[in-house]
Amino acid sequence: MDSFLIEGGVPLRGEVIISGSKNAVLPIMAATLLTAERCVIRRVPALTDVGYMSKILRSLGAEVILEDGTLTVRAAQLSGFGDYDLIRKMRGSICILGPLLARLHEARVSLPGGCVIGTRPIDLHLKGLRGLGAEVDTEGGYIRVHAAKLTGQMVFMGGRTGPTVLGTANILMAATLAEGVTVIESAACEPEIIDLAHFLIAMGAKIVGAGSPTITVTGVPALHGADHEVITDRIEAGTFAAAAVATRGEVMIHGARHDHLVAVLDKLREAGGEIVYCASGIKVSARADFKPVDITTMPYSGFPTDMQAQMMALACLANGTSIITERIFESRFMHASELMRLGADISIEGASAIVKGGRPMSGAPVMASDLRASAALVIAGLAASGKTQVNRVYHLDRGYERMELKLQKLGARIQRVEEE
Ligand code: EPU
């Protein structure tokens, strides 16, 4: 298992280019299953999760070619029976269910397991599909869905903590080929849902309201191939912005969309970041002293859970106490104990982390537990004095394209240590 060796204390300086969005490309890849025609997806990031999703599509019979960031998928022949172990490996794979059901009228996929950040149920996905007329059974670790035809309905996608992103994606995709009009209420408003809707509209779907809590889909008999460029990754952009502030550097982040990052940039400014909007992205630097910040994660356009860990790393450097409250996932504080190895003072009280910032941070060996926790440890390692070894960076490779190379270009002393 590879690790990163970081020698901290170097301000990041220079320019970085943000890659295509992981959480946009995964459902868009699933959407290619809605047609037998060729689909072309551009600005596809080189991530292990994209590799897994390509394998899943191939295991269902699709032809998938990835060349220089352009993915071509042709699902002329398609099976609705996915490979158990392959699908189980990745949470994002759940969004093949809606397209398979819509196109083939039946599908069987393995139940995605829980993961380190929470139990991650799929009851809302299944409720939505039932709402469109599907029969759903779970048996032997599989979910089986069947519907002679899907019929448009009013579907409510709100859950305990608000809307579900991939649940909304699943129902949106299934509804494109349903008979009649589907209204998705309490839909997720994330930019990734808008990007998926743009792709589906390019395929011939009739969708109004994506990006708002009410999405209306008028079913069509068939969809055709389409060519689409994926939006840039707002979480990768936010991560580089947090790293630029934490190291008191100055970084031009090309491709960062400030309109996708309003809550994150607001908190970065409050913490000590200086942010300038430019035509090609944002320029991020830091003020002299850092201030504590209180953050509560929420569905979009609130502060994203996927930036919570990175902001906690920054809060460790501020003079004062920050309270960071996680409202989306029940156990997404695995990074706190690892940040403490670097010298941070953090206590967890229920859904809140109390970060007493300003303690000296110095390098140590730490263990990455999930994707965003790993990013937080890299930021902390870059800001700390001395050497930090971040172990198990395979988590990072799932969602950040060549992170160490991008950081090296910004002057960071970071090396990948490869292990057999
Ligand atoms: N939930 C339910 N029932 C469901 C579905 C979700 O109760 O059927 C709950 C979840 O347990 C959670 C909340 O609803 O408490 C929100 O979960 P959501 O369904 O929105 O998460 P997701 O769609 O499975 C996507 C991203 C995550 C990101 C979340 C929230 C992808 C592939 N994943 O997951 O990304 O944290 O939305 O924004 O799009 C990451 O990139 O690091 C990551 C974990």
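Draft legend 1. Representation of the overall build of the protein chain in the model. Along its length, the protein chain carries 14 helices and 25 strands. The globule rule puts the C-alpha radius of gyration for 420 residues at 22 Å, and the 21 Å found for the protein chain is close to it. For the protein chain, the spread of C-alpha atoms along the three principal axes comes to 65 × 45 × 40 Å. The burial tally for the protein chain puts 57% of its 420 residues in the buried class. If you sum the accessible surface of the protein chain, you get close to 16100 Å²; carbon and sulfur atoms cover 51% of it. Side chains of the protein chain carry 42 positive and 44 negative charges; the gap between the two charge centres is 1 Å.

Draft legend 2. A look at the site of the ligand. Neighbouring the ligand are 22 residues, the closest being Asp123, Leu124, Thr164, Asp306 and Ile328. A distance of 3.0 Å is found between an oxygen atom of the ligand and a side-chain nitrogen or oxygen belonging to Lys22. Between Pro121 and the ligand, the recorded distance is 3.3 Å, taken from a backbone N or O atom to an oxygen atom. Taking 830 Å² as the accessible area of the ligand by itself, protein coverage stands at 92%. Contributions of two or more residues to the shell around the ligand are made by helix H1 (22–31), helix H5 (123–131), helix H6 (165–176) and helix H12 (371–383). Counting residues per element, the shell around the ligand draws most heavily on H5, which supplies three residues. Here the shell around the ligand is built from residues that sort into 10 nonpolar, five polar and seven charged. Both of domain 1 (2–19 + 232–418) and domain 2 (22–229) provide at least three residues apiece to the shell around the ligand.

Draft legend 3. How the structure looks around the nonpolar core. Residues Ile96, Leu172 and Leu200 are the most contacted members of the largest nonpolar core, which totals 75 residues. A per-element tally of this core places H1 first, with seven residues. Counting 70 residues, the second largest nonpolar core, distinct from the first, contains Val16, Ala241, Ile324 and Met403.

Draft legend 4. Representation of the sheet that holds strand S9 (residues 154–156) in the model. Here we have four strands laid out as an open sheet, ordered S9-S12-S14-S13, and mixed in their pairing. Two strands lie at the open edges of the sheet, namely S9 and strand S13 (206–208), each paired on one side alone. In this sheet, neighbouring strand axes are inclined to one another by 20° on average, regardless of whether the strands run parallel or antiparallel. Where strand S12 (residues 181–185) lies against strand S14 (residues 214–218), five bridges are found, and the strand directions are antiparallel. Directly across from Val183, in S14, lies its bridge partner Thr216.

Draft legend 5. Summary view of the sheet that holds strand S18 (residues 281–286). Here we have four strands laid out as an open sheet, ordered S2-S16-S18-S17, and mixed in their pairing. At either end of the open sheet lies a strand with only one pairing partner, and these are strand S2 (13–17) and strand S17 (273–278). Going from strand to strand, the sheet's axes swing by 15° on average, the running direction of each strand aside. As paired elements, strand S16 (residues 250–254) and S18 share five bridges and run antiparallel to each other. Paired with Val251 across the strands is Val284, a residue of S18.

Draft legend 6. Looking closely at the packing of aromatic side chains. By the definition in use, this model includes one aromatic pair. Judged by centre distance (4.9 Å) and plane angle (70°), the ring pair of Tyr84 and Tyr142 falls under edge-to-face. Placement of the pair is Tyr84 in helix H3 (residues 84–88) and Tyr142 in strand S8 (residues 142–146), with a sequence separation of 58 residues. Above the face of the Tyr142 ring, Arg108 is positioned so that its terminal group lies 4.0 Å from the ring centre.

Draft legend 7. A look at the pattern of salt bridges. Counting across every chain of the model gives 19 salt bridges. We note a salt bridge from Asp306 to Arg332, for which the minimum N-O separation is 2.7 Å. With Asp306 in the loop between strand S19 (295–296) and helix H10 (308–315) and Arg332 in the loop between strand S20 (321–325) and helix H11 (334–341), this residue pair connects regions lying 26 residues apart in the sequence. Ionic pairing is found between Glu338 and Arg341, a salt bridge with its closest N-O pair at 3.2 Å.

Draft legend 8. Focus on the pairing of strand S5 (residues 70–74). Relative to S5, strand S3 (residues 38–42) is paired through four bridges, and the arrangement is antiparallel. Residue pairing for S5: Val40 is matched across the bridge by Thr72. Pairing between strand S4 (residues 63–67) and S5: five bridges, direction antiparallel. What sits directly across from Ile65, in S5, is Thr72. In textbook terms, the turn of a hairpin is the stretch between consecutive antiparallel strands, and for S4 and S5 this stretch comprises two residues, one of which, Asp68, has a positive phi near 50°.

Draft legend 9. Here's a closer look at the domain arrangement of the protein chain. Assigned domains of the protein chain: these are domain 1 (2–19 + 232–418) and domain 2 (22–229). A straight line from the C-alpha centre of domain 1 to that of domain 2 covers 30 Å. In this assembly, 26 residues from domain 1 lie in contact with 24 residues from domain 2. When the shortest N-O distance is used, the salt bridge between Asp49 and Arg398 registers 2.8 Å. Across the domain 1-domain 2 interface, the total number found is nine residue pairs in polar contact (both at pLDDT 80 or more). Breaking the side of domain 1 that touches domain 2 down by element, the ones donating at least two residues are H12 and helix H13 (394–399). Per element, the largest residue contribution to the side of domain 1 that touches domain 2 is four residues, and it comes from H13. Considered class by class, the residues forming the side of domain 1 that touches domain 2 number eight nonpolar, six polar and 12 charged.

What counts, and at which threshold
- Residues numbered from 1 in each chain as written.
- Predicted model: local features only at pLDDT ≥ 70, side-chain atom pairs only at ≥ 80, totals over all residues.
- Heavy atoms only, no water.
- Helix = DSSP H or I, 4+ residues; strand = E, 2+ residues; numbered from the N terminus.
- Rg over C-alpha atoms; globule rule 2.2 N^0.38 Å.
- Buried < 20%, exposed > 50% of the residue type's maximum accessible area, 1.4 Å probe, protein only.
- Areas by Shrake-Rupley, 256 points an atom, 1.4 Å probe, with all protein chains shown as cover.
- Lys, Arg positive; Asp, Glu negative; His and termini not counted.
- Charge placed at Lys NZ, Arg CZ, Asp CG, Glu CD.
- Near = heavy atom within 4 Å.
- Polar contact = N/O pair within 3.5 Å; in protein donor to acceptor, adjacent residues only side chain to side chain.
- Nonpolar A, V, L, I, M, F, W, Y, C, P; charged D, E, K, R; others polar.
- Domains from an automatic or database assignment.
- Core = buried A, V, L, I, M, F, W, Y, C linked by side-chain atoms within 4.5 Å.
- Pairing = 2+ DSSP bridges.
- Axes fitted to C-alpha atoms, helices over the stretch in contact; angles between N-to-C directions.
- Phe/Tyr/Trp six-rings, centres within 6.5 Å; stacked < 30°, edge-to-face > 60°.
- Lys NZ or Arg CZ within 6 Å of the ring centre and 35° of its normal.
- Salt bridge = Lys/Arg side-chain N within 4 Å of Asp/Glu carboxyl O.
- Contact = heavy atoms within 4.5 Å.

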